[in-house]
Amino acid sequence: MGRKILLDKIHIPDIQTFKVYKDNGGYASVEKALKKMTSAEVIEEVKKSGLRGRGGAGFPTGMKWSFLDTKSSNPRYLVCNADESEPGTFKDRYLIDNIPHLLIEGLIVSSYALGANTTFIYVRGEFKQQIGILNRAIREAHENGFLGKNILGTSYSLDIHVQAGGGAYICGEETALLESLEGKRGNPRLKPPFPAVKGLYGCPTVVNNVETLAAVVPIINLGGDEYAKIGIGRSTGTKLISACGHINKPGVYEIEMGITVEEFLNSEEYCGGVRNNKNIKALIPGGSSVPILPAHLITTTAANTPRLMSYESLSEGGFATGSMLGSGGFIVFDEDACIVRNTWNFSRFYHHESCGQCSPCREGTGWLEKILHRIEHGTGKLSDIDLLDSVAKKIEGNTICPLGDAAAWPVSSAIRHFRHEFEFHVQNADIVKDIKHGSLSKYLKKNFSLNSIY
Amino acid sequence: MSHENKIDHKLHEVTAGEVRFSDETLVRVQAIIARYPVGKQKSALLPILHIAQEELGGHLSADVMNYVASILKIQPIEVYEVATFYTQYYLDKVGKYVVEVCRTGPCAMCGGEDIADYLERKLAIKTDETTPDGLFTIRRVECLGACGYAPVMQINTEFHEFLTKEKIDKIINDLRAKAHEDKPKDAKWVEKFF
Ligand SMILES: Cc1cc2nc3c(=O)[nH]c(=O)nc-3n(C[C@H](O)[C@H](O)[C@H](O)COP(=O)(O)O)c2cc1C
Ligand code: SF4
Ligand code: FES
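Calculation criteria
Residues numbered from 1 in each chain as written. Chains lettered and ligands numbered in written order. Predicted model: local features only at pLDDT ≥ 70, side-chain atom pairs only at ≥ 80, totals over all residues. Heavy atoms only, no water. Helix = DSSP H or I, 4+ residues; strand = E, 2+ residues; numbered from the N terminus. Rg over C-alpha atoms; globule rule 2.2 N^0.38 Å. Buried < 20%, exposed > 50% of the residue type's maximum accessible area, 1.4 Å probe, protein only. Areas by Shrake-Rupley, 256 points an atom, 1.4 Å probe, with all protein chains shown as cover. Lys, Arg positive; Asp, Glu negative; His and termini not counted. Charge placed at Lys NZ, Arg CZ, Asp CG, Glu CD. Contact = heavy atoms within 4.5 Å. Buried area = accessible area lost by both parts, 1.4 Å probe. Salt bridge = Lys/Arg side-chain N within 4 Å of Asp/Glu carboxyl O. Polar contact = N/O pair within 3.5 Å; in protein donor to acceptor, adjacent residues only side chain to side chain. Core = buried A, V, L, I, M, F, W, Y, C linked by side-chain atoms within 4.5 Å. Phe/Tyr/Trp six-rings, centres within 6.5 Å; stacked < 30°, edge-to-face > 60°. Near = heavy atom within 4 Å. 1 Å grid on protein atoms, 1.4 Å probe; cavity = no way out; pocket = protein on both sides within 12 Å on 5 of 7 lines; lining within 4 Å. Sits in = over half its atoms within 2 Å of the grid points. Nonpolar A, V, L, I, M, F, W, Y, C, P; charged D, E, K, R; others polar. Arc of directions from axis to C-beta.

A word on the overall build of chain A. Looking only at helices and strands, one finds 19 helices and eleven strands in chain A. Taking 2.2 N^0.38 as the reference for a compact globule, 454 residues should give roughly 22 Å; the C-alpha atoms of chain A span a radius of gyration of 23 Å, in line with that estimate. Taking the principal axes of the C-alpha coordinates as reference, chain A spans close to 75 × 45 × 40 Å. Counting only residues that meet the buried cut, chain A has 63% of its 454 residues in that class. Carbon and sulfur atoms make up 53% of the accessible area of chain A, which amounts to about 16,000 Å² in all. Separation of charge centres in chain A, based on 50 positive and 49 negative side chains, amounts to 2 Å.

Here you go:
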């Protein structure tokens, strides 16, 4: 059994309620931090823990906190990012469903560390149940003196509010999220200035992911140094991985960073292997935005070392032969999956979700979708494949926010590793044209396996 | 706290056309506005649009949007901008149950496309249409953050997971059977959730 420090208590009945949570050691980190530690000491522990942001970018959390403009006379804000809309990612929802007070506890300690007296949890609007769960948890914490004025008799006061989004993936990007929280369209802001200096209402603001803020609880309980011993190298601690696609046991798993991809994929404790005894064709290890890995680069790296579930190992080999840990959205494709169809599907997603502010992203994502649509539907040309690559390259790095890159990378990597499938679609237009949805691969298998063309 | 918005007791006098929140709802609306600093009441726009949509007819008509603008003391255009940006706000009339089927990769590769097609056949409408009895609207939406339980759809506040044709049959039949019982568009979650 791997070590669990976030989800270790979720099997306890009614752990969603304040009383049971508290009776099982909950809110200890609040007592410790508010009564025995200064805010600077809390930040120091988070720095020592090596915790990196769990929302996708993996930026060191302690460092991010230390950028907060403490000289400003404006109020400071902490905003918790619970927008969770990256395809393949459903871990924050799981955490909120199963142990909501862990997030509230983490928010209190983190807000104290940052000197914030008002904290918002921005939840995607579709998660109405989760909004209800959080509101209830907040009310309970209030009633028990863990929120509101003079928490636990200290001079520290805090209010937490849940804010519903309106349905827009881009609002997961932190500056779009702040715009949305101000009641506007979710158009990402130009950076700098970064939110740490000018964030919500122009005030110093930290935006962190749900899982990041929940991890602050074990960090304070164990101490930063102890936390840093969990995991491997610069990937400290545990990570929630949401596993989906063609596997036997889809779901959310807490892993200690550094276990092998092989173990995560095939052991009964986690994914339980590929469904229906099939072989794996591809893996997207960190949510739809990260590069796809072909079968031979999943359990081993190009250097033939075992691939590990860590920031470093998953990105080993750069974009040529690696990918990224990202948000931990682990998407498995079996041998029958159609890479072209999925790439088209993801491009449609990014086109739909582009906020439209910058031309390379607004127009480019549309072009990607259109070209992929025609390849998938049997009206593509061979030159379209290079055209795709060139459109992707023109988006990448030329936009206000990383959604542009996130749209480009899946396309470039799919072509890099699965060019033969794109060519097959073009060259066999008559077959591809009228075949509906997923049945394409079944058809192909009967005649000649898509995998063995090369 | 002193920096918070004061309750505006004149709010109940605001109307646009025939449109007006109930007194109960106004209390909730005022509590939401009070979360934000003075002058930042526009932050309440997204939550209040959710409430308006639920309580004032199931979609955001021009009157409803103008009404929300006057409540928040912002320009109507600021409301239109937001209402047209986010996918959860419906600008046209929708059915009592909005069936939103996830169409994104992880769901699509686990049978989501067939499920959506089946729904269209079952309800005899296309995506973005409403059944003639006004009960169901089908929409195809992007990832609902529940990919491990694919295929997934959301009907109003409820998620439905690991969908099969049999499950769809049951869900739709059950909703049809109880449709006349509850209030239009299941308004209770707003109380609970916002
Ligand atoms: C298009 C886009 C969508 C994003 N969506 C999310 C999201 O749903 N949840 C999240 O925590 N971070 C998301 N992020 C990352 C945030 O911008 C930000 O880096 C993160 O919330 C910081 O928190 P962390 O340091 O704790 O990871 C997204 C970024 C981009 C560019
Ligand atoms: S990259 Fe796309 S989503 Fe990001 S700001 Fe530009 S247009 Fe908007
Ligand atoms: S892809 Fe359907 S819920 Fe994520």
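Past the structure itself, the notes keep going.
Turning next to the interface of chain B and chain A. The partner chain A presents 64 residues to the 48 residues of chain B that form the contact. In this assembly, chain B packs against chain A so that about 4,400 Å² is buried in total across both faces, 54% of it on carbon and sulfur atoms. Counting across the interface, chain B meets chain A through two salt bridges. Across the pair Glu-113 of chain B and Arg-341 of chain A runs a salt bridge, and its minimum N-O distance is 2.7 Å. Counting across the chain B and chain A interface gives 24 residue pairs in polar contact (both at pLDDT 80 or more). Of all the secondary structure elements, the ones that give two or more residues to the side of chain B that touches chain A are α2 (45–55), α4 (76–85), α5 (105–123), β4 (158–160) and α7 (188–193) of chain B.

The subject of this paragraph is the environment of Tyr-89 of chain B. Position of Tyr-89 of chain B among the secondary structure elements: in the loop between α4 and β1 (97–102). Tyr-89 of chain B sits in the buried class, given a relative accessible area of 4%. Expressed as a C-alpha distance, the spacing of Tyr-89 of chain B and Cys-110 of chain B, which sit 21 residues apart in the sequence, is 28 Å. Setting aside residues up to four positions removed in sequence, Tyr-89 of chain B forms contacts with Gly-165 and Gly-166 of chain A together with Leu-46, Leu-49, His-50, Gln-53, Leu-60, Val-82 and Ala-83 of chain B.

This part is about the pattern of salt bridges. Residue and element names in this part refer to chain A. Within the structure shown, the criterion is met by 36 salt bridges over all chains. The salt bridge partner of Glu-174 is Lys-64, with a shortest N-O separation of 3.4 Å. Of this pair, Glu-174 sits in helix α8 (residues 174–181) while Lys-64 sits in helix α4 (residues 61–66), and the two are 110 residues apart along the sequence. Residue classification places Glu-174 among the partly exposed residues on the basis of a relative accessible area of 22%. Look at the salt bridges and you will find they share partners, linking Arg-54, Lys-91, Asp-92, Glu-211 and Lys-239 into a network.

Core analysis: the largest hydrophobic core is formed by 163 residues, its most contacted members being Leu-103, Ile-104, Ile-108 and Ile-121 of chain A together with Phe-21 and Ile-71 of chain B. Discounting residues that sit within four places of it in the chain, Phe-21 of chain B has contacts with Leu-26, Val-29, Ile-48, Ile-51, Ala-52, Glu-55, Leu-56, Tyr-67 and Ile-71 of chain B. The next biggest cluster of nonpolar side chains, apart from the first, holds 24 residues, and it includes Val-261, Tyr-270, Leu-314 and Phe-330 of chain A.

On to the packing of aromatic side chains. Here a ring pair, both rings aromatic, is described through the centre-centre distance and the interplanar angle of the planes. Residue and element names in this part refer to chain A. Tallied over the entire structure, the rule returns 24 aromatic pairs over all chains. Residues Tyr-253 and Phe-264 carry aromatic rings whose centres are separated by 5.9 Å and whose planes lie at 80° to one another, so their mutual orientation is edge-to-face. Residue Tyr-253 is found in strand β8 (residues 251–256), and its partner Phe-264 is found in helix α11 (residues 261–266); the two are separated by eleven residues along the sequence. For the pair shown, Tyr-253 and Phe-264 are each scored as buried. Cluster of aromatic residues (ring-pair linked, three or more members): Phe-18, Tyr-21, Tyr-27 and Phe-146.

To continue, consider the site of ligand 1. All names here are of chain A. In the neighbourhood of ligand 1, 18 residues make up the surrounding shell, with Gly-55, Asn-81, Asn-208, Asn-209 and Thr-212 lying closest. With respect to ligand 1, the side chain of Thr-212 contributes an N or O atom lying 2.7 Å from an oxygen atom. The protein chains hide 90% of the 610 Å² of surface that ligand 1 would expose on its own. Taking a 2 Å distance to the grid points as the criterion, the majority of the atoms of ligand 1 fall inside the largest pocket. Looking at the shell around ligand 1, the element that brings in the most residues is strand β4 (residues 205–209), giving three residues. For the shell around ligand 1, the class distribution of residues is four nonpolar, eight polar and six charged.

Here we come to helix α2 (residues 28–36) of chain A. All names here are of chain A. Considered for burial, the residues of α2 that qualify are Ser-29, Val-30, Ala-33 and Leu-34. For α2, the arc enclosing every buried residue in end-on projection is 110°, short of the 170-degree limit, so these residues lie on one face. Those residues of α2 hidden inside the fold are in contact with α3 (39–49), α6 (100–114) and α9 (210–222).

Further remarks concern the site of ligand 2. Residue and element names in this part refer to chain A. Taken together, 13 residues are adjacent to ligand 2, and Cys-355, Gln-357, Cys-358, Cys-361 and Cys-401 come closest. For ligand 2, the cavity whose grid points lie within 2 Å of the majority of its atoms is the second largest cavity. Taken together, the residues of the shell around ligand 2 break down into eight nonpolar, five polar and no charged.

Glancing now at unusual backbone geometry. With an omega of -5°, the peptide bond running from Lys-191 of chain A to Pro-192 of chain A counts as cis. Note on placement: Pro-192 of chain A falls in the loop between α8 and β4. The residue after Ala-150 of chain B, namely Pro-151 of chain B, is reached through a cis peptide bond having omega -10°. Tracing the sequence through the fold places Pro-151 of chain B in the loop between β2 (136–141) and β3 (153–155). Phi angles above zero are rare outside glycine, and Asn-277 of chain A is one such case at about 55°. By the secondary structure assignment, Asn-277 of chain A is in the loop between α11 and β9 (280–284). Residue Asn-277 of chain A is classed as exposed on the basis of its relative accessible area, which comes to 80%. The residue Lys-73 of chain B is not glycine, and still its phi comes out positive at about 55°.

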